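Notes for the structure review
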Amino acid sequence: MESVHTRFSAWTPFSNKSLNRQLFQERVALISHWFDLWTNKQRQEFLFTILLRCTKSQLRFVQDWFSERMQVARVDFSTVLPRSISLYIFSFLNPKDLCAAAQVSWPWKFLTEQDCLWMPKCIKFGWFLPYTPTDNEYGAWKRHYIACVSNLDWLTPREAAAIYGTLNEPKAEDEELQERQREKYLRKIIWEKITLHKKELFKVRPPWVTGTCCSRLSKSKCQPHLSQTVRDRVGLHDALEKQLVLASIEGLPKLSSCSGSCSYPLLSKQKSWHGVYKNEDSSAYASWPHFILISSRIPAYEMVVESVKAGVISVVYEHVGMTLDSLLYLIGKALHGRRAQSMGILSDGDSREINLLQGYKIGIKNLLKPDVRDFWEKLGSFLATKEEGGHVDFFVPLGASEAGIEVLSQLSQLTGTFFTAPTGIATGSYQHILSDWLGPQQDGPPPCIYFSEAKLQAWCSLTDVLEDALKSVRREFSPVFKELQKGISGRMIGQFIFDTMSMTSILNNQDIAQALADGLMELSKENSERNIVEDNSQDTESSFGKSDLGFEVLLKLERKLQRDSADKRTSAVRELLQSERKYVQMLEIVRDVYVRPLRAALASNRAILSAANIQIIFSDILQILSLNRQFLENLRDRVQEWSSIHCVGEIFIKFGDQLNTYTNFFNNYPVVLKTIEKCREMTPAFRAFLKRHDKTIVTKMLSLPELLLFPSRRFDEYLTLLYALRLHTAAGHVDRGDLATAIDQIKKYKGYIDQMKENISMKEQLSDIERLIWGCPILLEMNRYLIRVQDVVQLHCHDEEISFSLRLYEQIRDLSFFLFNDALLVSSRGISHTPFERTSKTTYQFIASVALHRLLIEDIPDSKYVKNAFILQGPKCEWICATEVEDDKFLWLSVLQNAIKSSMNK
């Protein structure tokens, strides 16, 4: 019966243990025989397969077997651990123990005699080697330590007691009492002299910071000192702490009137100015100055500052780290109580809104918010009225869209002042500033009122190039100009750039240079076409051939549309067609100058780059080229017989449905740039290839990374052109609905691109701050960004019981505050000088970080002994600080107050 059950069985039946054991032993012997015949690699694969099938208990059995026979727990750690860890362990031993460890074994002797262990012990006592050890020499510092110790003049305790006496010799009671009284009397005299000397110094010295008189109205409003016991008393409950923080914010100085006066008065002349202008006749209007406000966000703003005419008051303000109240304060400070005949605002923006400050994009949606509305109403008080010829000029193309015109209309109603803006469309530059402006211009075009026309034209046409050059100039000049105001340093840098550029030759030879470039381009086109015809071995498509996309037809169409420029809608279509043709040409430069030669070299077995790298770098940009070529063809077909009834909105909608091509490009864009840099470093042939082709006439004097920037900039131009088309499209036109849909598509995608840019920029900024501050914690967190950096001095008060006006302060150290949207980082600031050089380097050391919703602020009124001071108090410590000038204090407290409110509202 058993034979029936075991005849065809794959395993021994469990019912017969003897047969089971016998068959198991036979198969173990068979597998062992096979194992002996296998190679080493086959044995390893077999063991790997067996171990994968083992359970945890079986693996633990293998581990115990190895532990019992191999004695892994008793192995020398210096032979298993990395050398750096072994040296770190030995670094905790004293010299005597190191010498004892060197006698254990040869590996320990080698490690314990390393110079990295003995050099710190020698330097601690001031023992330095008289020579530099060679590369193969080790143990030099140990021998030097032993030699220095053996030569020390040391005494045994008995010898020292015999020569110098002992420290514990008993004294008589009278001698001990007299010695204590004498020490107490000497300490008292020294303390009295030190206190008297400090008081005399405080009486004769000037205040820590010089400046105009600060507010004395705030003295009576000053809140009591916010000591640490207040926090302990309230128990740090969230609700009570929030009320305490809000109460400290409300006690800070604020702008008190629309006329520009504030709790920090401007100058004593301010009252007389108001009295003069009340009864002034119209003949004096011409004496009122023109005022221009320039944002630091616009590219190459130093060139704009240098272009300002003499007699025009200019103010450069920081786009980041400012509030609307701070901006009003700067305007009032610059005008000194006077009123401006006109005010120009040159800031970043587009045809729908003005990017005035970080977090303040002035548009239809937020124009009627209380703080924004209050700002424009107060700004109107600095200007002459509409009847007196006052006006505000926005150097932003708000006149090119319906939303922008609505913004101008509402601002005029709020302030009673005439607002104007350019109506022209100029994609990719600031040429719209030189176009037509809305409304009548009694004093001439606004650019001519504030700027020198020649310099402004040079800035408009060379904005991107100048910004790249000025980045390095700012980096070099910032240590020299750090004590100057931003407007003064900007004017000096702008003058330097203008002198370097040789403006006369640029303006005179610009047309000639363009004509020569066009001629060379045409010659290159003819030569390329001739070579193609002769060889008959390459594709006839070329971006430089006029038959590629029918460029002759396109040029004829552009000339036809240009003759019909009276029609605003036709003008917008002409700009769209022309800018799209230029955009496609720039993308084709990438294909013809870079992709085709690289692929040709790869096909001829002379590869410059591998196929994988070519795919990574150029696949997405080629797909974008294909998409935009089709888009350009659709535009060309639509405008061949163009009239006012034709539509382009549906073409944009079709284009917007295929924007996933751009999404792939922007997602891979950082990888593409890193791949280019890596191939440039690792592949000499690719480095030489880029050197031959980058920044040539064919590439419009641009490099490959610069050419890859065009897709990210094109969506701003699309949005501007679409808004202009909708503005000049009648309400009943069939194309108006499609244009609105296309605007929503492009606007949504542009927001996605802007968010990517902002995230990358803020990540780099936070990384730079981490590297700048010694001991800084990790700052990279979601939605965190830097608002402002403020340099202050930290003060110490000797007696906090007396009133503010009588308190004496002394400077302890220099501090720098790094204000983020959710926290305040406090660091000490020092200056390190390089030998034989005048320039210095600022160093930062981390001290503390405080969450904004737990930060208390207290203002310190100006007194005879201190100016521009305030108190910041966190949960564990407080800082009494003072700024260098009055403006810095007001701007800092205003920004800090706004940041705290924003963080508490989240």
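For clarity, every value in this text was computed on a predicted model and none was experimentally measured.

Conventions and cut-offs
- Residues numbered from 1 in each chain as written.
- Predicted model: local features only at pLDDT ≥ 70, side-chain atom pairs only at ≥ 80, totals over all residues.
- Heavy atoms only, no water.
- Buried < 20%, exposed > 50% of the residue type's maximum accessible area, 1.4 Å probe, protein only.
- Helix = DSSP H or I, 4+ residues; strand = E, 2+ residues; numbered from the N terminus.
- Arc of directions from axis to C-beta.
- Contact = heavy atoms within 4.5 Å.
- Phe/Tyr/Trp six-rings, centres within 6.5 Å; stacked < 30°, edge-to-face > 60°.
- Axes fitted to C-alpha atoms, helices over the stretch in contact; angles between N-to-C directions.
- Parallel < 35°, antiparallel > 145°, perpendicular 65-115°, else oblique.
- Nonpolar A, V, L, I, M, F, W, Y, C, P; charged D, E, K, R; others polar.
- Pairing = 2+ DSSP bridges.
- Core = buried A, V, L, I, M, F, W, Y, C linked by side-chain atoms within 4.5 Å.
- pLDDT = per-residue confidence, 0-100.

**A few points about helix α9 (residues 115-124)**
- Residues of α9 that are buried include every one of Asp115, Leu117, Trp118, Lys121 and Cys122, and no others. One side of α9 carries all its buried residues, which in axial view fall inside an arc of 155°.
- In the core, the buried residues of α9 are packed alongside α6 (83-90), α7 (95-101), α8 (106-112) and α10 (140-150).
- Just past α9, the residue Gly126 takes up positive phi, approximately 80°.

**Some remarks on the packing of aromatic side chains**
- One pass over the structure, following the stated rule, counts 37 aromatic pairs.
- Plain terms: the ring middles of Phe395 and Phe451 are 5.6 Å apart, the flat faces sit at 80° to each other, and that makes the pair edge-to-face. Within this pair, whereas Phe395 is found in the loop between β7 (391-394) and α20 (402-415), its partner Phe451 is found in the loop between α21 (446-450) and α22 (453-461), the two being separated by 56 residues in sequence. Here Phe395 and Phe451 have matching classes, each one buried.
- Within the aromatic cluster, the residues linked to one another by ring pairs are Phe631, Phe652, Phe655, Tyr662, Phe665, Phe666, Tyr669, Phe715, Tyr718, Tyr749 and Tyr752.

**Regarding the packing of helix α27 (residues 568-603) against helix α33 (residues 710-727)**
- Close contact between α27 and α33 brings their axes to 10 Å; oriented N to C, the two are set at 170°. On the basis of their axis angle, the class for α27 and α33 is roughly antiparallel. Residues Arg569, Ala572, Val573, Glu575, Leu576, Ser579, Glu580, Tyr583, Met586 and Leu587 of α27 touch α33, and the partners they reach there are Phe710, Pro711, Arg714, Tyr718, Leu721, Ala724 and Leu725.
- Per-class residue counts for the contact of α27 with α33 are 12 nonpolar, one polar and four charged.

**Thoughts on the pairing of strand β16 (residues 878-882)**
- With four of its five residues buried, β16 lies for the most part within the structure.
- The sheet contact formed by strand β10 (residues 786-797) and β16 spans three bridges and is antiparallel. Bridging from a neighbouring strand, Val793 pairs with Ala882 of β16.
- Bridge count for strand β15 (residues 869-873) against β16 is five bridges, and the pairing is antiparallel. Opposite Gln873, over in β16, you have Glu878 as the bridge partner.
- Counted along the chain from β15 to the antiparallel partner β16, the turn is four residues long.

**Some thoughts on the sheet that holds strand β3 (residues 342-346)**
- Here we have five strands laid out as an open sheet, ordered β2-β1-β3-β7-β8, and parallel in their pairing. A strand with exactly one partner marks an edge of an open sheet, and here the two such strands are β2 (313-317) and β8 (418-420). Geometrically, the sheet is characterised by an average inter-axis angle of 15° between neighbouring strands, direction not taken into account.
- The sheet contacts of α20 involve β7 and β8, and relative to β8 the element is tilted by about 155°.

**With respect to the sheet that holds strand β13 (residues 840-851)**
- With mixed pairing, eight strands are arranged side by side in an open sheet as β9-β13-β12-β11-β10-β16-β15-β14. Every other strand in the sheet has two partners, leaving β9 (773-774) and β14 (856-860) as the edge strands with one partner each.
- Pairing geometry for β10 and strand β11 (residues 809-820), over 11 bridges, is antiparallel. Directly across from His796, in β11, lies its bridge partner Glu810.

**A look at the nonpolar core**
- Phe618, Tyr662, Phe686 and Phe715 are the most contacted members of the largest nonpolar core, which has 64 residues in total.
- Only α27, α28 (611-639), α29 (649-656), α30 (660-682), α31 (684-693), α32 (704-707), α33 and α34 (735-772) provide two or more residues apiece to this core.
- No other element matches the 15 residues that α27 contributes to this core.
- By size, the runner-up hydrophobic cluster in this structure holds 40 residues, among which are Leu367, Trp376, Val407 and Ala421.

**Observations regarding unusual backbone geometry**
- For Met701, which is not glycine, the phi dihedral falls at a positive 60°.
- Along the chain, the position of Met701 falls in the loop between α31 and α32.
- In this structure, Asn868 takes a positive phi of about 60° despite not being glycine.
- For Asn868, the position within the fold is in the loop between β14 and β15.

**Here's the deal with the confidence of the model for the protein chain**
- Residue-level pLDDT values for the protein chain average 76, and 73% of them are 70 or greater.
- Predicted confidence is poor over residues 206-236, with pLDDT under 50, and the contacts of this stretch with residues over four places away or in other chains come to 70 contacts.
- This model gives residues 562-566 a pLDDT under 50, and the stretch forms four contacts once residues within four places in sequence are excluded.

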